[in-house]
Amino acid sequence: MKFLVAAFVIITFILILEVHSESLLSDILQLSKNNGKHSMDEEEQLQRSDDETRMKGLEAYRRSISDRGLTCASLRFSDENWTGRWLPEKITERPQMQHDKNSTNNMWQMINATCDDGHTNLTVDWDLSPINYTCFDPAHVLLPDPNTRGMISRDYVPAAYSARHICMKSTIEYDTFLPTFGPHRPAWPKYGEYQFVPRQRWLHNLEHGAVVMLYHPCAHPVLVNRLRRVVTSCLYRHVITPYTLLPPNRPLALVTWGWAYLMPDVDTESAIKFIREHALNGPERTHNDGQYDQFLLKHAEIVSNIEDETICPI
């Protein structure tokens, strides 16, 4: 009898031990599985971070190559071998390569009420329509497309080219949606930000070496503010205005004499690089304010000094 009781106790103890062993083994396996899962999550996170870093580096490299390619290509051209578009205006003959040394003096003589004083007969260029500065569908702002890259373009400007100053009695037409040089009005806008400035005006600022910032009225306000901060902190000679002719996939632009940078988003580093390379390159460098100030919202502030000796001191 005692033997049977002892055997029963031993068997019961063994069964209890097996149950606890299975539970312990299950806990160990679950812990190992969780540790493996955490390790896998960390590995995926590190891989994702590494991929993002490499993609950013690759994109920066591509931009660098693209920028250098544009710059190097532009150095190969001359007045004799250039086969592209000469002027952003409707012409039928190649312009004569004779620089008018009196063009600046003639410009000052043309700034009067009879020709152009910056205040008279302004509706020739703009009928004051709000369509030029209003986004009529604010619920659908133009968001940047990650698959669209910024685009830098160049219009070849002959070294001896002298832009014509045209009085307000005549209209000025361009055969491109974004002229970077060409005929314009004698009276140029004061530097700063406007509710709207027609291109017949700000082209003259480009001739003086200014940077013109353009944005589509439906561009995202955050992006507009970001680019505005870059421009206003880089130089005094700038003009900021909405521009409805920009393509929806690149609703922001920086324009200098002969150059344009259209962008879907704001890459601060690339914007500063463009301004440093192409600002103050107009044939008539002057910091003097113009006579046109219709719908001026904020006058430009001096950054380094009135001559903009240091561009983008940031």
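Preceding this section is the structure that the text describes.
None of the values given here were measured: they were computed from a predicted structure. (Residues numbered from 1 in each chain as written. Predicted model: local features only at pLDDT ≥ 70, side-chain atom pairs only at ≥ 80, totals over all residues. Heavy atoms only, no water.)

K.L.:
Is there a simple way to think about unusual backbone geometry in this case?
P.N.:
Apart from glycine, the bulk of residues carry a negative phi angle, and the bulk of peptide bonds sit in the trans form. Of note, Phe295 is a non-glycine position whose phi angle comes to about 60 degrees, a positive value. Here Phe295 shows up in the loop between helix 5 (268–278) and strand 7 (296–299). Overall, Phe295 belongs to the partly exposed group, its relative accessible area being 35%. Phi is positive for Asp308, which is not a glycine, with a value near 55 degrees. Along the polypeptide, Asp308 turns up in the segment after strand 7. Its relative accessible area of 1% is what places Asp308 among the buried residues. (Helix = DSSP H or I, 4+ residues; strand = E, 2+ residues; numbered from the N terminus. Buried < 20%, exposed > 50% of the residue type's maximum accessible area, 1.4 Å probe, protein only.)

K.L.:
Would you explain the packing of aromatic side chains in this entry?
P.N.:
Considering all chains together, one arrives at 10 aromatic pairs under this definition. Ring-pair connections join several aromatic residues into one group, and the members of that group are Trp126, Tyr133, Phe196 and Phe295. (Phe/Tyr/Trp six-rings, centres within 6.5 Å; stacked < 30°, edge-to-face > 60°.)

K.L.:
Please clarify how helix 5 should be interpreted in this entry.
P.N.:
Working note: α-helix, 3.6 residues per turn, so residues spaced by three or four point in the same direction. For helix 5, the complete set of buried residues consists of Ser270, Ala271, Ile272, Phe274, Ile275 and His278. Positive backbone phi, at 60 degrees, marks Leu280, one or two positions downstream of helix 5.

K.L.:
Where do I start with the nonpolar core in this structure?
P.N.:
One broad rule of soluble globular proteins: the nonpolar side chains tend to lie buried together. Among the nonpolar cores identified, the biggest contains 29 residues, and Leu178, Trp202 and Leu214 are the most heavily contacted of them. Contributions of two or more residues to this core are made by helix 3 (199–207), strand 3 (211–215), strand 5 (252–256) and strand 6 (259–263). By residue number, the principal contributor to this core is helix 3, which donates 3 residues. In contact with Leu214, other than residues within four places in its own chain, are Leu178, Trp202, Thr241, Tyr243, Leu246, Pro251, Leu252, Ala253 and Val255. The next biggest cluster of nonpolar side chains, apart from the first, holds 27 residues, and it includes Tyr215, Leu254, Trp259 and Ala279. (Core = buried A, V, L, I, M, F, W, Y, C linked by side-chain atoms within 4.5 Å. Contact = heavy atoms within 4.5 Å.)

K.L.:
Looking at this structure, how should I read the environment of Arg149?
P.N.:
Tracing the backbone through its elements, the reader meets Arg149 in the loop between helix 2 (103–110) and strand 1 (151–154). When its relative accessible area of 36% is taken as the criterion, Arg149 is described as partly exposed. Separated by 113 residues in the primary sequence, Arg149 and Leu262 have C-alpha atoms spaced 8.9 Å apart.

K.L.:
Hey, could you run me through the state of the cysteines in this one?
P.N.:
As used here, a disulfide is simply a covalent bond connecting the sulfur atoms of two cysteines. Here the structure, examined in full by the defined rule, presents 3 disulfides. Through a disulfide, Cys115 is tied to Cys167; the S-S separation comes to 2.0 Å. Here the disulfide of Cys115 and Cys167 is left-handed, its torsion about the S-S bond being about -95 degrees. In this pair, Cys115 is assigned in the loop between helix 2 and strand 1 and Cys167 in the loop between strand 1 and strand 2 (192–194), connecting sequence segments 52 residues apart. A relative accessible area of 8% places Cys115 in the buried class. Taking relative accessible area as the criterion, Cys167 reaches 18% and is therefore assigned buried. Disulfide partner of Cys135: Cys218, at an S-S distance of 2.0 Å. Since a negative S-S torsion denotes a left-handed disulfide, the Cys135-Cys218 link at about 100 degrees is right-handed. Highlighted residues: Cys135 in the loop between helix 2 and strand 1 and Cys218 in the loop between strand 3 and helix 4 (221–234), separated in sequence by 83 residues. Both residues of the pair, Cys135 and Cys218, count as buried. (Disulfide = S-S within 2.5 Å.)

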